[in-house]
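Fold and geometry: a report
Residues per chain, in single letters:
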Amino acid sequence: MPHLLTSQLPENAPSALPEILNQLGRRLLAMGDHETLQLLCQQSLVWFPTYPPLNDLAGRWLMALGFPLGATAYFEYCLELGRTNGYSKQMIFPLGYVREIAAEQLGRAYETLGDRERAAAAFAQATAFRQERGNHQ
């Protein structure tokens, strides 16, 4: 944790560090520790900007704080990482974070903003991703 304060990526950081930070962040979110989570999200995304679960976490954190508009940028970015195949390959993660999970979270954010049209489009995209995945299994 001291590395979060110094902004220095630990020299012998384990390759699983992005996922360790993601899991820690989700626990902090569940506990409502927003101060520590802010620090974790900010620094984690400096170190691992293209690791989708961390972007999803930042979006969910902003939703919890009541900032759905800010959250949309993180969910959109996850979808963009999926479209461009630009996400980090350092750690394996569920591809839903760049597909249906991201689209569904985006829909929830737009729903909260009262933007029914964009919310419906995002939910439709989430459904399409699920159907597409179902056809490949």
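Right above here is the structure, for reference.
Residues numbered from 1 in each chain as written. Predicted model: local features only at pLDDT ≥ 70, side-chain atom pairs only at ≥ 80, totals over all residues. Heavy atoms only, no water.

Let's talk about the overall build of the chain
Check the secondary structure of the chain and you find 7 helices and 0 strands. Taken from N to C terminus, the helices and strands of the chain fall in the order α-α-α-α-α-α-α. The C-alpha atoms of the chain give 15 Å as radius of gyration, which agrees with the globular expectation for 137 residues (14 Å, within 12%). Residue pairs in contact within the chain that sit at least 24 positions apart in sequence constitute 60% of those at least 6 positions apart. About 7,700 Å² of surface is accessible on the chain, with carbon and sulfur atoms providing 55% of the total. Charge separation in the chain, taken as the distance between the mean sites of 11 positive and 13 negative side-chain charges, equals 5 Å. (Helix = DSSP H or I, 4+ residues; strand = E, 2+ residues; numbered from the N terminus. Rg over C-alpha atoms; globule rule 2.2 N^0.38 Å. Contact = heavy atoms within 4.5 Å. Areas by Shrake-Rupley, 256 points an atom, 1.4 Å probe, with all protein chains shown as cover. Lys, Arg positive; Asp, Glu negative; His and termini not counted. Charge placed at Lys NZ, Arg CZ, Asp CG, Glu CD.)

Thoughts on the packing of aromatic side chains
Tallying each qualifying case throughout the model produces 3 aromatic pairs. For the pair W47 and F48, a centre-to-centre distance of 6.4 Å together with 75° between the ring planes defines the contact as edge-to-face. Side by side, W47 and F48 carry an identical accessibility label, which is buried. Chaining the aromatic ring pairs together yields one cluster made of Y51, Y87 and F93. Sitting above the plane of the Y87 ring, K89 keeps its charged end 4.2 Å from the centroid. (Phe/Tyr/Trp six-rings, centres within 6.5 Å; stacked < 30°, edge-to-face > 60°. Buried < 20%, exposed > 50% of the residue type's maximum accessible area, 1.4 Å probe, protein only. Lys NZ or Arg CZ within 6 Å of the ring centre and 35° of its normal.)

Notes on the side chain of E100
Mapped onto the secondary structure, E100 falls in helix α6 (residues 100–113). The exposure class of E100 is buried, given its relative accessible area of 5%. Once residues within four sequence positions are removed from consideration, E100 is found in contact with A126, F129, R130 and R133.

Digging into the side chain of S44
Following the sequence through the fold, S44 ends up in helix α3 (residues 34–47). Taking relative accessible area as the criterion, S44 reaches 0% and is therefore assigned buried. Ignoring sequence-local partners within four residues, the contact set of S44 consists of L21, P49 and L54.

What about the nonpolar core?
Residues L21, L37, F48 and L54 are the most contacted members of the largest nonpolar core, which totals 33 residues. Of all the secondary structure elements, the ones that give two or more residues to this core are α2 (17–31), α3, α4 (52–65), α5 (68–84), α6 and α7 (116–136). Dropping the residues within four chain positions of it, F48 is found in contact with L9, L17, P18, L21, L54 and Q90. (Core = buried A, V, L, I, M, F, W, Y, C linked by side-chain atoms within 4.5 Å.)

Concerning the pattern of salt bridges
Side-chain pairing between opposite charges can occur once the charged atoms of the two side chains come close. Per the counting criterion, the structure on display carries 8 salt bridges. E80 is the partner of R83 in a salt bridge, and the nearest nitrogen-oxygen pair spans 3.0 Å. Here R83 pairs with E80, and both are found in helix α5, just 3 residues apart, close to one helical turn. Residue classification places E80 among the partly exposed positions, given a relative accessible area of 33%. A salt bridge links R108 to E104, with the shortest nitrogen-to-oxygen separation between them at 3.1 Å. (Salt bridge = Lys/Arg side-chain N within 4 Å of Asp/Glu carboxyl O.)

Section: α6
Between the first and last C-alpha of α6 there are 20 Å, a value that for 14 residues agrees with the 20 Å anticipated at 1.5 Å per step. Buried residues of α6: E100, A102, A103, Q105, L106, G107, A109 and Y110, and no others. Looking one or two residues beyond α6, the residue adopting positive phi is G114, at roughly 80°. (Expected span 1.5 Å × (residues − 1).)

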